[in-house]
Amino acid sequence: MTSYAIETHGLARAFGSTRAVDGVDLQVPVGGVYGVLGPNGAGKTTTIRMLATLLKPTGGTAVVLGHDVVAEAATVRAKVAMTGQFASLDEDLTGTENLVMLGRLYGFSWAQARERSAELLEAFDLTEAAGRQVKKYSGGMRRRIDIAGSIVVRPELMFLDEPTTGLDPRSRNQVWDIVRALVSAGTTVLLTTQYLDEADQLADRIAVIDRGKVIAEGTSGELKASVGSGALHVRVADPALRDEAIRLLESALSGEADRGSDPASITMRVADPAGVPAALARLRDHGIATTEFSLGQPSLDEVFLALTGEHVHDDQEVPA
Amino acid sequence: MTIDTNGGMDTKVAAALGSGPRPQPASAVSSSLTFGWRALLKIKHVPEQLFDVTMFPIMFTLMFTFIFGGAIAGSPKEYLPYLAPGILVQTVVMITMYTAMTINNDIEKGVFDRIRSLPVWRPSLLVGSLLGDTLRYTMASSIIIVVTLLLGYRPAGGVSGVVAAIALLLVFCFSVSWIWTLLGFKLRTPNAVMGVSMMVLFPLTFLSNVFVAPSTMPDVLESVVKVNPVTVLVDAARSLMDGTPDGGAIVTVLIMSGVLVAVFGPLTMRVFANKT
């Protein structure tokens, strides 16, 4: 018995000449949340679809909960559930009908399936919308019913493909709470996301993937340390003084600043946030007024810049 | 944060996760019936999809009876015994393409992937939707028969002849559906499905003996029409509804159906199993 929920070696998938996933090695421990972070087109969805047995790899191996995804696909399917942009409920049916159908397919009797459906709708605050067609749900409700459909029978491993993309903050928080509840009930969650913030909030470990390859792996603390612990954003009142401000900041914080496309803005990765107040004081002493400054977490773009030396490229998502 | 944004959703979800029995996976029959139930629900929620099944047959029957009836058979009423079996076949064969549309939609919307990630006998999705399609074919057939009866059609074959003709038609259409399931998997968008199926279905149903006797056509066309499977099917249906069953045509239709299933059934299943 393996100690990993998911273990892949050189997992690859090509679509014609496009190598969507190009040799991914993952070790996902049992329990907790594992985040897969990357921009559109990085290969996140393709990887998940292979792990959920929906897509056959063209190279490498993947073992999920101790079973090979190709040779023992049926065993894997009995233990995992998948929710995401590419695995959806039937929009024409109501919430109740979708859940009853899934309950029947999982082997419940009609009565049990109805009971389970009512229970889940109640737990996900969807009782009022139970009789409405899923296509009439809001984004947040839609994501909740999708997740509810995946836990009709509690899976050992759940794949969540970008569960919060396009949601408002309140709905996003609800999804985060649901993910935490899943974990506390003992389900391992593999989650893909484009947001560093989300991976940081939820995931115990994070793999950063880009162009079909894992380019960094570790806890969020480890990743951030490799990027610098934060990003300083400053806007100067007079754009003419930006170059002087950059010179002052670079010497005070021993880093390299980025010129934003906005002629007044400066972005800088900071290894030691403690030096920031002094650096800002130096700007003031030299008579450079600032309209705005903030010290925040590095954005996904900054993580990528640090890891690959490139900004996030906005390729098309590879069709799957 | 002091605002309660979720009404304790996490605890409720955790409770829902813990409870409930863990059933044995559904049997093949039970999952097929569940998908059949889904097809019925879709008809209930999207009644527009029945438009083609209800309005087109009525429109076509009325149009052809009254526009061509006089010219072809002397009067609309005299044309009906010839037209009724033909238009019955044409209508139902035409709507077989919705099988492909349904499957293609499921793939595009992600429903297909969701279902494939479940531990069920995978072909039950196809069997279930074919059950729903069969209901659709039966409805369309009933409408045609009722409309033609109202127009004064009195089939010589009686109730049994009409029922036998419809049964034969259902067997044939069920077999043809396997071609559409394959196309549904192979084509990229529902629009492409629509385009391809129209290209196939229009020649197939019009270059036949549905509306006029092939003997009135130019020689080349007549030979094409005679080998058209739809022509054979119409011959068989006509013979049954006229009360003079044509054994040869009926057996040919059954053989064609068998061949279609034997060829396209396994092909579809293979594409289905290896889908991406």
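A quick note: this is a predicted structure, and the numbers were derived from the prediction, not measured. In every chain, residue numbers begin from 1 and rise along the written sequence. As they are written, the chains are lettered A onward and the ligands numbered 1 onward, keeping that order. Totals for whole chains, interfaces and linings use every residue, but because this is a predicted model, local features are given only for residues with pLDDT of at least 70 and side-chain atom pairs only at 80 or more, for both listing and counting. Where side-chain values are given, they derive from all heavy atoms of the structure, hydrogens and water being excluded.

Peer 1: In this structure, what is going on with the nonpolar core? I would like to understand it.
Peer 2: The nonpolar side chains of a soluble globular protein tend to be buried with one another. Among buried residues, those of type Ala, Val, Leu, Ile, Met, Phe, Trp, Tyr and Cys that are joined through side-chain atoms within 4.5 Å constitute a nonpolar core. Remark: exposure states derive from per-residue accessible area (1.4 Å probe, protein chains only) relative to the maximum for the residue type, with buried under 20%, exposed over 50%, and partly exposed in between. Among the nonpolar cores identified, the biggest contains 69 residues, and L120(A), F124(A) and I145(A) are the most heavily contacted of them. Segments assigned H or I by DSSP are reported as helices when at least four residues long, segments assigned E as strands when at least two residues long, and all are numbered from the N terminus. Of all the elements, helix 6 (residues 169-184) of chain A adds the most residues to this core, at six residues. Contact between two residues is taken to exist if any of their heavy atoms lie within 4.5 Å; hydrogens are not considered. Apart from residues no more than four positions distant in its own chain, I145(A) is found in contact with L89(A), G95(A), L99(A), L121(A), L126(A), V134(A) and Y137(A). Ranked by size, the runner-up nonpolar core spans 51 residues in total, among them I87(B), Y137(B), L169(B) and F172(B).

Peer 1: Please explain the domain arrangement of chain A as it appears in this structure.
Peer 2: Often, the extent of an interface is quoted as the loss of accessible area upon association of its parts. Residue ranges for the domains trace back to a domain assignment, done automatically or taken from a database. When the domains of chain A are assigned, the result is domain 1 (4-225) and domain 2 (229-297). Just the C-alpha atoms count here: the centres of domain 1 of chain A and domain 2 of chain A sit 40 Å apart.

Peer 1: Just to check I follow, could you spell out the packing of aromatic side chains for this structure?
Peer 2: One pair of aromatic rings is described through two measures. These are the centre distance and the angle between the planes. Residues and elements named next belong to chain B. By convention, a stacked pair of Phe, Tyr or Trp rings (six-membered ring in the case of Trp) has centres within 6.5 Å and planes under 30 degrees apart, an edge-to-face pair has planes over 60 apart, and any other such pair is tilted. Taken as a whole and assessed by the stated rule, the structure comprises nine aromatic pairs over all chains. The interplanar angle of 55° and the centroid separation of 5.6 Å between the aromatic rings of F112 and F185 together place this pair among those described as tilted. In this pair, F112 sits in helix 6 (residues 111-116) while F185 sits in helix 8 (residues 158-186), placing the two residues 73 residues apart along the sequence. We note that F112, like F185, is buried. Aromatic pair F174 and W178: ring centres 6.3 Å apart, planes at 85°, arrangement edge-to-face. Taken together, the positions of F174 and W178, both in helix 8 and four residues apart, correspond to about one turn of that helix. Looking at F174, the relative accessible area reads 35%, which means it is partly exposed. Residue classification places W178 among the buried residues on the basis of a relative accessible area of 8%. Here the aromatic cluster, defined as three or more aromatic residues joined through ring pairs, consists of F56, F60, F64, F68, F202, F206 and F211. Here, a charge over a ring means that NZ of Lys or CZ of Arg falls within 6 Å of the ring centre while also lying within 35 degrees of the ring normal. When the ring centre of Y82 is taken as reference, the NZ or CZ atom of R238 above it lies at 3.6 Å.

Peer 1: Would you mind going over a nonpolar patch on the surface with me for this structure?
Peer 2: Together, F51(B), M55(B), F56(B), M59(B), M63(B), I67(B), F68(B) and I72(B) line one region of the surface with nonpolar side chains, adding up to about 720 Å² of accessible area. Within the fold, F51(B) resides in helix 3 (residues 51-73). Residues qualify for a patch when their relative accessible area is over 30% and they have no salt bridge, like charges being joined within 9 Å and the nonpolar side chains of Val, Leu, Ile, Met, Phe, Trp and Tyr within 5 Å. Values of accessible area rely on a 1.4 Å probe in the Shrake-Rupley scheme; residue burial ignores everything except the protein chains shown. Should a side-chain nitrogen of Lys or Arg be within 4 Å of a carboxyl oxygen of Asp or Glu, the pair is scored as a salt bridge.

Peer 1: Any chance you could explain helix 9 (residues 242-253) of chain A here in plain terms?
Peer 2: Note on helix geometry: an α-helix contains 3.6 residues per turn, so any two residues three or four positions apart are oriented the same way. Residue and element names in this part refer to chain A. An ideal rise of 1.5 Å per residue puts 16 Å on twelve residues; helix 9 measures up with 16 Å between its terminal C-alpha atoms. Turning to helix 9, its buried residues number three or more, namely R242, A245, I246, L248, L249 and L253. Down the axis of helix 9, the smallest arc covering the buried residues is 165°, so these residues share one side. Contacts from the buried residues of helix 9 go to strand 11 (230-236), strand 12 (257-259), strand 13 (265-270) and helix 10 (276-285). Just past helix 9, the residue S254 takes up positive phi, approximately 40°. By this rule, a helix spans an expected 1.5 Å times one less than how many residues it contains. The directions from the helix axis to the C-beta atoms are what the arc is built from.

Peer 1: Is there a simple way to explain the interface of chain B and chain A in this structure?
Peer 2: Each partner contributes to the interface: chain B provides 42 residues, whereas chain A provides 55 residues. The term buried area means the drop in 1.4 Å probe accessible area that two parts suffer when joined, counted for both and summed. Together chain B and chain A conceal approximately 4500 Å² of surface at their shared face, both sides included; 58% is due to carbon and sulfur atoms. At the boundary of chain B and chain A, one finds six salt bridges. With a shortest N-O distance of 3.6 Å, K44(B) and E97(A) are connected by a salt bridge. In protein, a polar contact means a hydrogen-donor-capable atom and an acceptor-capable atom, both N or O and within 3.5 Å, with residues adjacent in sequence counting only if both atoms are side-chain atoms; elsewhere, any N or O pair within 3.5 Å suffices. Viewed at the interface, chain A and chain B are joined by ten residue pairs in polar contact (both at pLDDT 80 or more). Counting residues per element, the ones that place at least two in the side of chain B that touches chain A are helix 1 (9-18), helix 2 (28-45) and helix 6 of chain B.

Peer 1: What is the right way to read the packing of helix 4 (residues 76-95) of chain B against helix 8 of chain B from this model?
Peer 2: All names here are of chain B. Helix axes are fitted to C-alpha atoms over the stretch in contact, other axes to C-alpha atoms as well, and angles between N-to-C directions run from 0 to 180 degrees. Helix 8 packs onto helix 4 with a crossing angle of 30° between their chain directions and a minimal axis gap of 10 Å. The pairing of helix 4 with helix 8 is recorded here as roughly parallel in orientation. Once helix 4 is placed against helix 8, the crossing between them reads as right-handed. Here L88, V89, V92 and V93 of helix 4 lie close against helix 8, whose contacting residues are I166, L169, F172 and C173. An angle counts as roughly parallel when it lies under 35 degrees, as roughly antiparallel when it exceeds 145, as roughly perpendicular when it falls between 65 and 115, and as oblique in every other case. Whether a crossing is left-handed or right-handed is set by the direction in which the near helix is turned from the far one by less than a right angle, anticlockwise for left-handed and clockwise for right-handed.

Peer 1: Got a minute to help me understand the pairing of strand 7 (residues 157-161) of chain A in this structure?
Peer 2: Residue and element names in this part refer to chain A. Among the five residues in strand 7, five count as buried, and that is most of the element. Here strand 7 shows a buried face lined by L157, F159 and D161 and a second buried face lined by M158 and L160. As judged from the five bridges shared by strand 6 (residues 80-84) and strand 7, these two strands associate in the parallel manner. Bridge assignment links V80 to a residue of strand 7, and that residue is L157. Relative to strand 8 (residues 188-193), strand 7 runs parallel, the two sharing five bridges. Opposite L160, over in strand 8, you have L191 as the bridge partner. The handedness of a crossover follows from its direction of travel: if, with the strands pointing away from the viewer, the path from the first strand over the helix to the second runs clockwise, the crossover is right-handed. Handedness of the strand 7-helix 6-strand 8 crossover: right-handed. A pair of strands is labelled paired if DSSP reports no fewer than 2 bridges between them.

Peer 1: Is there a simple way to think about the packing of helix 4 of chain B against helix 7 (residues 124-150) of chain B in this case?
Peer 2: The description of two packed helices rests on the angle between their axes and on the distance between the axes. Residue and element names in this part refer to chain B. Contact pair helix 4 / helix 7: the axes reach a minimum separation of 10 Å and the direction vectors enclose 160°. If you check the angle between helix 4 and helix 7, you find them roughly antiparallel. Taken as a pair, helix 4 and helix 7 cross one another with a handedness that is right-handed. Taking contact as the criterion, the partners of L80, A84, I87, L88, T91, V92 and I95 in helix 4 are, on helix 7, R136, Y137, A140, S141, I144, I145 and T148.

Peer 1: Looking at this model, I keep getting lost on the environment of F202(B). Mind explaining?
Peer 2: All names here are of chain B. Checked against the element boundaries, F202 lands in helix 9 (residues 190-206). Of the residues examined, F202 reaches a relative accessible area of 35% and is grouped as partly exposed. Each C-alpha atom of the pair F202 and M94 lies 8.2 Å from the other, and the pair is 108 residues apart in sequence. When sequence neighbours within four positions are dropped, the list of residues in contact with F202 reads M94 and L207.

Peer 1: For this particular structure, what's the right way to read the confidence of the model for chain B?
Peer 2: Reading fine detail from the predicted coordinates is not recommended where pLDDT is low. The pLDDT score gives, residue by residue, the confidence of the prediction method on a 0 to 100 scale. Mean pLDDT over chain B: 86, with 95% of residues reaching 70 or higher. Of all the helices and strands in chain B, helix 1 of chain B carries the lowest mean pLDDT, 73, while helix 11 (residues 229-241) of chain B carries the highest, 94.

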